[in-house]
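Here is how the chains run, residue by residue.
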Amino acid sequence: MKIDPIDFVLKQNFDLKKNFYLISGNEPTLMQKIFDNLTHSLENYELVNVKDINNIYSLLNEIGLFGKKKLYVCKNSKDLNKVDINNLKSDDYFIIFLLENSPKIKQFKSLLIKRDDSFVFDCYEMDRQTKTRVINNFVKEKNIKIDQGAYWLLVEKTDDRYIFFENDLQKINFLNENTLDINRINKIFSMNTNGKDKIFF
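*Asks:* What's the story with the overall build of the chain in this structure? I'm lost.
*Replies:* Along its length, the chain carries 8 helices and 8 strands. For the chain, the residues scored as buried account for 47% of the 201 residues in total. Long-range pairs, those at least 24 residues apart, make up 67% of the contacts in the chain between residues at least 6 apart in sequence. Of the roughly 11,300 Å² that the chain leaves accessible, carbon and sulfur atoms contribute 45%.

Below, the structure written as structure tokens:
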């Protein structure tokens, strides 16, 4: 099942109890954000041990071991298309595949998208429409008043990579801005790294 990563970041309601999670794409900061949020949610949802595995076959060698429920993290695409995914399904563990896009995972990704026991997150740089969704959520949550000119300037000036985009919004939050106009947006984004924004990097 394909899940919009921005919906997940904005904390829409999801039934997280799946067997498989694939986080892929070409935007590593958004991939890491999804991974962090997902592992945190699963750790709270189920008491689990998190364990990195070298490849899919090393997981097959561990199946049948008893103990605390586990969350396995696989960052290697080798042999993914050779393994019957049904042989990996279990109520005793979750598996997160954290893999950048490549032709090697295309078949595997298509398989997981069709499965109800899987979530697939495709992570790419933010476009104008995606930015507006997050900014709308941000100003509503923080009760910020922003005029139209400042709004579209904020969309233009924020970074296309998620973590840097998030840092741009956090500058506003850190400065406790309740009202934003064009001049204030320009001042916030003219801050250099010797200023308050150093704490975000």
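From this point on, the discussion continues.
*Asks:* For this particular structure, what's the right way to read helix H7 (residues 162-174)?
*Replies:* Every α-helix winds through 3.6 residues per turn, so residues three or four apart in the chain are directed the same way. Between its first and last C-alpha atoms H7 spans 18 Å; for 13 residues at 1.5 Å apiece the expected length is 18 Å, and the two agree. Within H7, the full set of buried residues consists of Tyr162, Phe165, Glu166, Asn167, Asp168, Leu169, Lys171 and Ile172. Remark: Asn176 follows H7 within two positions and exhibits a positive phi of approximately 55°.

*Asks:* So what exactly am I meant to see when it comes to the packing of helix H6 (residues 148-157) against helix H8 (residues 182-189) here?
*Replies:* For any two helices packed against each other, one specifies the crossing angle of their axes together with the interaxial distance. Close contact between H6 and H8 brings their axes to 8 Å; oriented N to C, the two are set at 25°. Judged by the inter-axis angle, H6 sits roughly parallel to H8. Together, Gly149, Ala150, Leu153, Leu154 and Lys157 of H6 and Ile182, Ile185, Asn186 and Phe189 of H8 make up the contact between the two elements. In terms of residue class, the contact of H6 with H8 is made up of 6 nonpolar, 2 polar and 1 charged.

*Asks:* Teacher, can you tell me more about H8 here?
*Replies:* The set of residues buried in H8 consists of Ile185, Ile188 and Phe189. Buried positions in H8, seen along its axis, are confined to an arc of 90° and lie on one side of it. Facing away from the buried side of H8, by more than 90 degrees, are the exposed residues Asn183 and Lys187. As for H8, its buried residues are in contact with H6, H7 and strand S8 (179-180).

*Asks:* What's the story with the pattern of salt bridges in this structure? I'm lost.
*Replies:* A full pass over the atoms with the stated rule returns 10 salt bridges. For Asp160, the salt bridge is made with Lys131, and the minimal N-O distance between the two is 2.9 Å. Here Asp160 is found in the loop between H6 and H7, whereas its partner Lys131 is found in helix H5 (residues 128-142), with 29 residues between them in sequence. Note on Lys131: relative accessible area 4%, which makes it buried. Of the charged contacts in the structure, one is a salt bridge between Lys171 and Asp168, with a shortest N-O distance of 3.5 Å.

*Asks:* Explain the environment of Lys109 here, please?
*Replies:* As for its placement among the helices and strands, Lys109 is situated in helix H4 (residues 106-113). Sequence-wise, Lys109 and Asn81 are 28 residues apart; in three dimensions their C-alpha atoms are separated by 9.6 Å. In this view, Lys109 contacts Leu22, Ser24, Asn101, Val120, Asp122 and Tyr124; residues no more than four positions away in its chain are not counted.

*Asks:* Can you walk me through the nonpolar core in this structure?
*Replies:* Nonpolar side chains in soluble globular proteins tend to end up buried together. Ranked by internal contacts, the top residues of the largest apolar core, which has 41 residues, are Ile23, Ile34, Leu38, Leu42, Ile96, Phe121 and Ile135. The element contributing the most residues to this core is helix H2 (residues 28-45), with 6 residues. Setting aside residues no more than four positions away along its own chain, Leu38 makes contact with Phe8, Leu16, Tyr21, Ile23, Ile96 and Phe121. By size, the runner-up hydrophobic cluster in this structure holds 19 residues, among which are Phe20, Ile53, Leu59 and Leu88.

*Asks:* Quick question: what am I supposed to make of the packing of aromatic side chains here?
*Replies:* Here the distance between the centres and the angle between the planes together describe a pair of aromatic rings. This structure, assessed with the given rule, holds 8 aromatic pairs. When the centroid spacing of 6.2 Å and the interplanar angle of 70° are considered together, the rings of Tyr21 and Phe119 count as edge-to-face. Of this pair, Tyr21 sits in strand S2 (residues 20-25) while Phe119 sits in strand S6 (residues 118-123), and the two are 98 residues apart along the sequence. For the residue pair Tyr21 and Phe119, the accessibility class agrees, reading buried in each case.

*Asks:* Looking at this structure, I do not really get the sheet that holds S6. What am I missing?
*Replies:* To summarise the sheet geometry, strands pair through backbone hydrogen bonds and adopt either a parallel or an antiparallel arrangement. What the 6 strands build is an open sheet, ordered S1-S6-S2-S5-S4-S3; its pairing is parallel. In the strand order of this sheet, the two ends are held by strand S1 (2-3) and strand S3 (49-53), each with one partner. The strands touched by H4 are S1, S2, strand S5 (93-98) and S6; relative to S6, the strand with the most contacts, the crossing angle is about 130°.

What counts, and at which threshold
One numbering rule holds for all chains: residues counted from 1, following each sequence as written. Reporting in this predicted model follows two pLDDT cut-offs: at least 70 for local features of residues, and 80 or more for side-chain atom pairs to be given and counted; totals over whole chains, interfaces and linings ignore these cut-offs and use all residues. Excluded from the side-chain calculations are hydrogens and water; all other atoms, namely the structure's heavy atoms, are used. Numbering of helices and strands runs from the N terminus; a helix is a DSSP stretch of H or I covering at least four residues, while a strand is a stretch of E covering at least two. Partly exposed residues are those whose accessible area sits between 20% and 50% of the maximum for their type, while under 20% is buried and over 50% is exposed, using a 1.4 Å probe and protein chains only. Only heavy atoms enter the contact rule, under which two residues are in contact if any of them lie within 4.5 Å. Computed by Shrake-Rupley with a 1.4 Å probe, the accessible areas treat only the displayed protein chains as cover when residues are assessed. Residue count minus one, scaled by 1.5 Å, sets the expected span of a helix. Between the N-to-C directions of two axes lies an angle of 0 to 180 degrees, each axis being a line fitted to C-alpha atoms and, for a helix, fitted only over the stretch in contact. Should an angle fall under 35 degrees it is called roughly parallel, over 145 degrees roughly antiparallel, and 65 to 115 degrees roughly perpendicular, with every other angle called oblique. Amino acids outside the nonpolar list (Ala, Val, Leu, Ile, Met, Phe, Trp, Tyr, Cys, Pro) and the charged list (Asp, Glu, Lys, Arg) are all regarded as polar, and Gly is one of them. This arc is taken over the directions from the axis of the helix to the C-beta atoms. By definition, a salt bridge exists where a carboxyl oxygen of Asp or Glu is found within 4 Å of a side-chain nitrogen of Lys or Arg. Take the buried residues of types Ala, Val, Leu, Ile, Met, Phe, Trp, Tyr and Cys, join any two whose side-chain atoms come within 4.5 Å, and each joined set is a nonpolar core. Planes of paired rings set the category: under 30 degrees apart is stacked, over 60 is edge-to-face and the rest tilted, where pairs are Phe, Tyr or Trp rings (Trp by its six-membered ring) whose centres lie within 6.5 Å. DSSP-based pairing: two strands are paired if at least 2 bridges between them are found.

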